Amino acid sequence: MSARRPQHGSRPTSIAASAVARASAAPRAAALTALTAEIAACRACPRLVAWRESVAADPPRRFAGQRYWARAVPGFGDPAARILLLGLAPAAHGGNRTGRVFTGDRSGDFLFAALHRAGLASQATSLAVDDGLELRGAYLAAAVRCAPPGNAPLPDERDRCAPFLGRELALLDEVRVIVALGAYAWAAGLRAISVLGIAVPRPAPRFGHGAEVRLGRYAMLGTFHPSQQNTFTGRLTPVMLDDVVGRAVTLAGG
Ligand code: SF4
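This one's a predicted model, so the numbers in the text were calculated from it and none came from an experiment.

Trainee: Teacher, can you tell me more about the environment of Q66 here?
Mentor: Of note, Q66 is situated in the loop between α3 (46-57) and β1 (76-77). The exposure class of Q66 is partly exposed, given the 14 C-beta atoms found within 10 Å. In contact with Q66, not counting residues within four places along its chain, are P59 and R97.

Quick look at the structure:
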């Protein structure tokens, strides 16, 4: 696990006009690094801060003795990504433990295997922040950056965290395809696109596995979330996820 970042209270701010400007690669990477640090230090939601720390203090036996990240979990991936994959929130004993989204849990195992098959990930597993995994042409983030009780953020927590996604999307100015992993991420993606000034129709486009909608410069795709609830029951199979990821690669220009 990487060194812990300093922790201090902060709140996400609105999208800065400068962030929307087309950035060259180096400033974009630097801005993403700064945003990553800001997210990791955020303590704006008291309920989620208490939860992420309490699960770290009382881990299940299989993780006993491990030092949990227990902070907000930033996005990660290729700053020049053309595909953004968006989840709901870090898992209490996944991203909240390892410090990287979809890392160290069964959902991540399923997702990264698909990304590896599609050529978007350097390896098929995502175990720890220092495992050497790199994303190529893809960026991975969550709608809410702290693990919530029952995987269910409250509306005010969702809204407080939403600007982080908007700012990330503004900085990731080569992204052309957003893959929403589940209905919650679908709604968060639509909100982020709207905040960037792109018209989203009313009623909003409906989520579904394989759903596809064009919104300004973005194509948005939906897939069932790779949760154990879906993958263990066969509601989401590797082939189904491969189809959506493959479509994203095609829409992103290969
Ligand atoms: S959910 Fe988002 S806004 Fe709330 S504490 Fe975590 S990072 Fe901050």
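Trainee: So what exactly am I meant to see when it comes to the pairing of strand β2 (residues 83-87) here?
Mentor: For a regular strand, side chains alternate in direction, first toward one face of the sheet and then toward the other. Among the 5 residues that make up β2, 5 are buried, leaving the element largely enclosed by the rest of the structure. Residues I83, L85 and G87 of β2 are buried on one face, and the alternating residues L84 and L86, pointing to the opposite face, are buried as well. By the bridge criterion, 5 bridges tie β2 to strand β3 (residues 138-142) in an arrangement that is parallel. Directly across from L84, in β3, lies its bridge partner Y139. Strand direction decides the pairing type here: β2 and strand β4 (residues 177-181), joined by 4 bridges, are parallel. Counterpart to L84 in the pairing with β4 is I178.

Trainee: Help me understand the nonpolar core, please; the structure alone is not making it clear to me.
Mentor: A general tendency of soluble globular proteins is for nonpolar side chains to be buried together. Residues I83, L84, L86, A143, V179 and A180 are the most contacted members of the largest nonpolar core, which totals 73 residues. Per-element tally for this core: the top contributor is helix α7 (residues 183-195), with 7 residues. Excluding residues within four positions of it along the chain, V179 makes contact with I83, L85, L86, L221, T223, V244 and A248.

Trainee: Would you mind going over the packing of helix α2 (residues 25-40) against helix α6 (residues 155-171) with me for this structure?
Mentor: For any two helices packed against each other, one specifies the inter-axial angle together with the distance between the axes. Contact geometry of α2 with α6 gives a least axis separation of 10 Å together with a crossing angle of 170 degrees. As summarised for this structure, α2 and α6 are arranged roughly antiparallel, according to the angle between their axes. The interaxial crossing formed by α2 with α6 has left-handed handedness. Between α2 and α6, the residues in contact are R28, A31, L32, L35 and I39 and F164, R167, E168 and L171, respectively. Considered class by class, the residues forming the contact of α2 with α6 number 6 nonpolar, no polar and 3 charged.

Trainee: Whenever I open this one, the site of the ligand confuses me. Can you help?
Mentor: By nearness alone, 15 residues border the ligand, and C42, C45, A72, C146 and C161 come closest of all. Among the secondary structure elements, those contributing two or more residues to the shell around the ligand are α3 and α6. In terms of residue class, the shell around the ligand is made up of 11 nonpolar, no polar and 4 charged.

Trainee: Whenever I open this one, the sheet that holds β1 confuses me. Can you help?
Mentor: Sheet strands pair by backbone hydrogen bonding; their relative direction is either parallel or antiparallel. With mixed pairing, the 6 strands of this open sheet are ordered in space as β1-β3-β2-β4-β6-β5. The outermost strands of the open sheet, each flanked by one partner alone, are β1 and β5 (212-215). Most of the contacts of α7 go to β4, to which it runs at about 145 degrees, and overall it touches β2, β4, β5 and β6 (218-223).

Trainee: Looking at this model, I keep getting lost on unusual backbone geometry. Mind explaining?
Mentor: Leaving glycine out, the prevailing phi sign among residues is negative, and the prevailing peptide bond configuration is trans. The omega torsion across R202 and P203 is -5 degrees, close enough to zero to call that bond cis. Position of P203 among the secondary structure elements: in the loop between α7 and β5. One non-glycine residue, F102, lies in the positive phi region at around 60 degrees. Tracing the sequence through the fold places F102 in the loop between α4 (95-98) and α5 (106-117). Taking the C-beta count within 10 Å as the criterion, F102 has 27 such neighbours and is therefore assigned buried. The backbone phi angle of N151 is positive, close to 55 degrees, even though this residue is not glycine. Mapped onto the elements of the fold, N151 is located in the loop between β3 and α6.

So, how was this worked out
- Residues numbered from 1 in each chain as written.
- Predicted model: local features only at pLDDT ≥ 70, side-chain atom pairs only at ≥ 80, totals over all residues.
- Helix = DSSP H or I, 4+ residues; strand = E, 2+ residues; numbered from the N terminus.
- Buried ≥ 20, exposed ≤ 12 C-beta atoms within 10 Å, placed from the backbone.
- Contact = placed C-beta atoms within 7 Å.
- Pairing = 2+ DSSP bridges.
- Core = buried A, V, L, I, M, F, W, Y, C linked by C-beta atoms within 7 Å.
- Axes fitted to C-alpha atoms, helices over the stretch in contact; angles between N-to-C directions.
- Parallel < 35°, antiparallel > 145°, perpendicular 65-115°, else oblique.
- Left-handed = near helix turned anticlockwise from the far one by under 90°.
- Nonpolar A, V, L, I, M, F, W, Y, C, P; charged D, E, K, R; others polar.
- Near = placed C-beta within 6 Å.

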